[in-house]
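Descriptive analysis of the structure
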Amino acid sequence: KQWYQRRVVITAGVHGAEEHLFVGNSGWAGKSRALVDFDITTFNTDLTALFDDAESVYLRLWYEGAELAKPYNDPRQMERKLAAHKIVKTWNEASATSKIASQSGDSKNRWEEEMMGELNDYDPEVIATDIISEGEDQHNIYFNVTSVFKEWMEDKSTDHGILIKDSQHESVPGYFLKFASLNHKDPTIRPYLMVCQKKPACVPEDLPPQKIYNHGCVSTQNVTLNFCEAKNGACSASDGSAVDYDYFTGVSALWDDFHVLRTFCKCCTDADAKKIMVPMDCADSTSQTDYDEEVWYITRCECQRCQTVSKERKKRATPSKTRLLLRSALKSMLRK
């Protein structure tokens, strides 16, 4: 997933609408730091999981090169070490400067100190770093912000974005490092928050092997039953819309004009299965002799419309033995 962001360069003036982000110290214009934030409110933390807990979320910035603030007659381009920090204070791109974080009317919310203060404005812990050497050509740079992203997911109100600063030579005059911003004319090089998630899957999940019971008989060996489970957001997308039937958005099921039940959800359900014959010991049964119990082991699951699943279930006069055994196994697990 990728989100466009709000961003700003903090110097003496407001730069929230410019095409570039600047980091460093040009001498004439002084120090410059960049703030980048994304709207992550729509990221569904309940239905998705990161591919890797340590390296799954990256802030991508396009480096366009070094630029000198004018007028300045003694420029020095040098290696600059970029450091990414978590911002802990609310700010607004329309009003943020080196002294002000946000403004509403005449009310100003100021940074703790000029160019932002540690602890109260941004976390002093460095999230990630990158080094830009003298003469480097244009390229993408990537900051691993997975740890901070996970914190935001636990409490989205703590998301105030990322600060990018020169942690090595910020006080030394030279060139600004220039990066494409949200307002850049080329949308392909604008900043992106790149999130690698586990692939949604509707797959069979095995239950712990255990004995099965039926008609007063017990299996001679442990049997592995399974069920279908939707993981990482699989089967969560709606299939169709109630609006198509003149109902309000959000209605998940309805009877159409022909009295047919229409549903717009999807279920993770069995699509293929193989038959397994399980020997049953009926020594303790007064009415049943030893026999082979027929059970089905699911080999493939798929997302199906709920109404389709419902129709298939109605075709069964009684629940299948495998389904009854599965219910019994699940109840047995819950009682443990």
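Presented here is a report on the structure given in the accompanying data block. Given the structure is predicted, the values throughout are model-derived calculations rather than measurements.

Parameters and conventions
- Residues numbered from 1 in each chain as written.
- Predicted model: local features only at pLDDT ≥ 70, side-chain atom pairs only at ≥ 80, totals over all residues.
- Heavy atoms only, no water.
- 1 Å grid on protein atoms, 1.4 Å probe; cavity = no way out; pocket = protein on both sides within 12 Å on 5 of 7 lines; lining within 4 Å.
- Points joined across faces, edges and corners; volume = space filled by probe spheres on them.
- Helix = DSSP H or I, 4+ residues; strand = E, 2+ residues; numbered from the N terminus.
- Nonpolar A, V, L, I, M, F, W, Y, C, P; charged D, E, K, R; others polar.
- Disulfide = S-S within 2.5 Å.
- Buried < 20%, exposed > 50% of the residue type's maximum accessible area, 1.4 Å probe, protein only.
- Contact = heavy atoms within 4.5 Å.
- Phe/Tyr/Trp six-rings, centres within 6.5 Å; stacked < 30°, edge-to-face > 60°.
- Pairing = 2+ DSSP bridges.

1. Regarding empty space enclosed by the protein
- Throughout the structure, instances matching the rule amount to one cavity of 30 Å³ or more.
- For the largest cavity, the calculated volume is near 40 Å³.
- As for the largest cavity, its lining consists of Val36, Asp37, Phe38, Leu59, Val145, Trp152, Gly161, Ile162 and Leu193.
- Among the elements that make up the lining of the largest cavity, the one with the highest residue count is strand S3 (residues 31-38) (three residues).
- The residue inventory of the lining of the largest cavity, partitioned by class, reads seven nonpolar, one polar and one charged.

2. Let's talk about the state of the cysteines
- In the structure shown here, the tally under the stated rule is four disulfides.
- Two residues share a disulfide in this structure: Cys217 and Cys282, whose sulfurs sit 2.0 Å from each other. Across the disulfide from Cys217 to Cys282, rotation about the S-S bond amounts to roughly 110°, and the bridge is consequently right-handed. Separated by 65 residues along the polypeptide, Cys217 in strand S15 (residues 217-219) and Cys282 in the loop between strand S19 (266-281) and strand S20 (291-305) bring together distant segments of the chain. Across the pair, Cys282 and Cys217 agree in class, each one buried.

3. Re the environment of Ala234
- Within the secondary structure, Ala234 is located in the loop between strand S16 (226-231) and strand S17 (253-255).
- Exposure remark for Ala234: the relative accessible area of 12% places this residue in the buried category.
- Separated by 68 residues in sequence, Ala234 and Glu302 place their C-alpha atoms 9.4 Å apart.
- Contacts of Ala234, omitting those with residues within four sequence positions, involve Pro200, Ala201, Cys202 and Cys303.

4. What about the packing of aromatic side chains?
- The tally for this structure, following the rule as stated, stands at two aromatic pairs.
- Each ring, one from Phe22 and one from Phe176, has its centre 5.6 Å from the other, and the planes form 50°; the classification is tilted. With a gap of 154 residues between them, Phe22 in strand S2 (residues 20-25) and Phe176 in strand S11 (residues 176-180) connect regions that are remote in the sequence.
- Judged by centre distance (5.5 Å) and plane angle (50°), the rings of Tyr63 and Phe179 are tilted. In this pair, Tyr63 sits in strand S4 (residues 57-67) while Phe179 sits in strand S11, placing the two residues 116 residues apart along the sequence.
- Owing to a relative accessible area of 0%, Tyr63 belongs among the buried residues under this scheme.
- Owing to a relative accessible area of 1%, Phe179 belongs among the buried residues under this scheme.

5. Some words on the sheet that holds S20
- Across the sheet, which stays open at both edges, the four strands sit in the order S14-S15-S19-S20 with antiparallel pairing between neighbours. Two strands lie at the open edges of the sheet, namely strand S14 (213-214) and S20, each paired on one side alone.
- With 14 bridges connecting them, S19 and S20 associate as antiparallel partners. Note that in S20 the partner of Pro279 across the bridge is Asp292.

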